[in-house]
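# Residue-level structural notes
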Amino acid sequence: MFIKQAFKPENKYWKYLVGSVIVFLASVIGQIPLMIAVFAKSVKEGESMPVDQSELLRYLDLNLTLLLILLSFTFAFIAFYFVVKNFHGQKFRTVITARPRVDWKRIFFAFFLWGTFLMVTTAYEYYSKPDTFEVQFNLSKFAILFIIAIVFIPIQTTLEELIFRGYLMQGFGRLGLTKWFPLVMTSVIFGVMHLSNPEVGKMGMVIMVYYIGTGLFLGVITLMDEGTELALGFHAANNLITALLVTSEWSAFQTHSVLKSLSEPEVGYTVLLPVVVIFPILLFIFSMKYKWRNWKEKLTGKVVLPTHEIY
């Protein structure tokens, strides 16, 4: 079972707190190049440094900003690998999957399924409401964006999934000894981690329904599938396709994408449709393809400690 792969005598509860702090500090260190670049420009231009996040995201060249933001995730990923391998003494594969090896077919299936959906729906919205979009395609800028995105966005999404649906899922599983506890806790924390996103300021706290709902969806497919592969593919497609296809003044990723949305976000459509309609459809597709059974046991059953873990 996926959660029980972390059950080792030397894997104490406190290690998950310390390990999380180590990864967080590494991400902070990774943000230093962005702060240096912003500071250098402000000094050169004789301006004060931007304090508003939306202003900060557009202060430098968009490609440079994206690269420097994603660089912090690269620092954090290296630290995370060290934490799992050396601090916890686990094989890195054990925070990815319960299978003998990572199932890349699952990753690519989820990636292409969700990526296709995003491209089709974006095309539909563009052709049905062309006045709400601005075509901003610039070949040279887009080519640089493509290279940055294809290399670094999978690092960012993989890190987030392995931390929330792998590392913390296993850690809370040890603490709560029941599967619903890590599912709920990781979903809520995943949502809270997005509080600083510009979308929250634009749409209000109601968007937390979407963030927490997305966390629940990714947690469910991880527990049902005994691994993070489907979540990895979904998350990578979501961020990569979005960064390349469409941006807006109020989105977390400011990019030289093909399109720029000029419309105001619709709270009901943006928040409720994915959680209430789209995610359940994806769950049905995954469950049919991978023949998921015993939903109640896999999502709410007890996590039984091995005998050597009872102390």
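Above: the structure in question.
So, here is what we can say about the structure in this document. Nothing here was measured: the structure is a model prediction, and the numbers come from that model. (Residues numbered from 1 in each chain as written. Predicted model: local features only at pLDDT ≥ 70, side-chain atom pairs only at ≥ 80, totals over all residues. Heavy atoms only, no water.)

## A closer look at the side chain of Thr255
Tracing the backbone shows Thr255 in the loop between β2 (246-248) and β3 (259-261). In contact with Thr255, not counting residues within four places along its chain, are Leu62, Leu66, Gln136, Leu145, Ala243 and Thr247. (Helix = DSSP H or I, 4+ residues; strand = E, 2+ residues; numbered from the N terminus. Contact = heavy atoms within 4.5 Å.)

## Notes on the pattern of salt bridges
Here the idea is simple: oppositely charged side chains can pair when their charged atoms come close. Here the structure, examined in full by the defined rule, presents six salt bridges. The residue Arg99 makes a salt bridge to Glu229 at a minimum N-O spacing of 2.8 Å. Of this pair, Arg99 sits in the loop between α4 (62-87) and α5 (104-128) while Glu229 is found in helix α10 (residues 229-245), placing the two residues 130 residues apart along the sequence. Relative accessible area serves as the criterion here: at 17%, Arg99 is assigned to the buried category. The closest approach of N and O atoms between Glu161 and Arg165, which form a salt bridge, is 2.8 Å. One end of the pair is Glu161 and the other is Arg165, both in helix α6 (residues 139-176) and four residues apart, which spans about a single turn. (Salt bridge = Lys/Arg side-chain N within 4 Å of Asp/Glu carboxyl O. Buried < 20%, exposed > 50% of the residue type's maximum accessible area, 1.4 Å probe, protein only.)

## What about the packing of aromatic side chains?
Taken as a whole and assessed by the stated rule, the structure comprises 26 aromatic pairs. Between Phe137 and Phe142, the ring centres sit 5.4 Å apart and the planes meet at 55 degrees, which makes this aromatic pair tilted. For Phe137, a relative accessible area of 44% corresponds to the partly exposed category. When its relative accessible area of 17% is taken as the criterion, Phe142 is described as buried. Members of the aromatic cluster, each reached through a chain of ring pairs, are Tyr16, Phe77, Phe80, Tyr81, Phe92 and Tyr167. Over the ring of Phe190 we find Arg165, and its NZ or CZ is 4.4 Å from the ring centre. Over the ring of Phe109 we find Lys289; its NZ or CZ atom is 4.8 Å from the centre of that ring. (Phe/Tyr/Trp six-rings, centres within 6.5 Å; stacked < 30°, edge-to-face > 60°. Lys NZ or Arg CZ within 6 Å of the ring centre and 35° of its normal.)

## Quick word on the sheet that holds strand β1 (residues 133-135)
Taking strand neighbours across the sheet as the criterion, the three strands line up as β1-β3-β2 in an open arrangement whose pairing is mixed. The open sheet is flanked by β1 and β2, the only strands paired with a single partner. Put simply, the sheet's adjacent strands are angled 30 degrees from each other on average, direction ignored. Two elements, β1 and β3, share three bridges in a ladder whose sense is antiparallel. Within the sheet, the bridge partner assigned to Glu134 lies in β3 and is Lys260. (Pairing = 2+ DSSP bridges. Axes fitted to C-alpha atoms, helices over the stretch in contact; angles between N-to-C directions.)

## Describing α4
Relative to the 38 Å expected for 26 residues at 1.5 Å per residue, α4 spans 37 Å between its end C-alpha atoms, a close match to the ideal helical length. Two or three places before Asn63, at the opening of α4, Asp61 has a side-chain oxygen 3.0 Å from that residue's backbone nitrogen. Positive phi appears at Gly89, one or two residues downstream of α4, with a value of about 70 degrees. (Expected span 1.5 Å × (residues − 1). Polar contact = N/O pair within 3.5 Å; in protein donor to acceptor, adjacent residues only side chain to side chain.)

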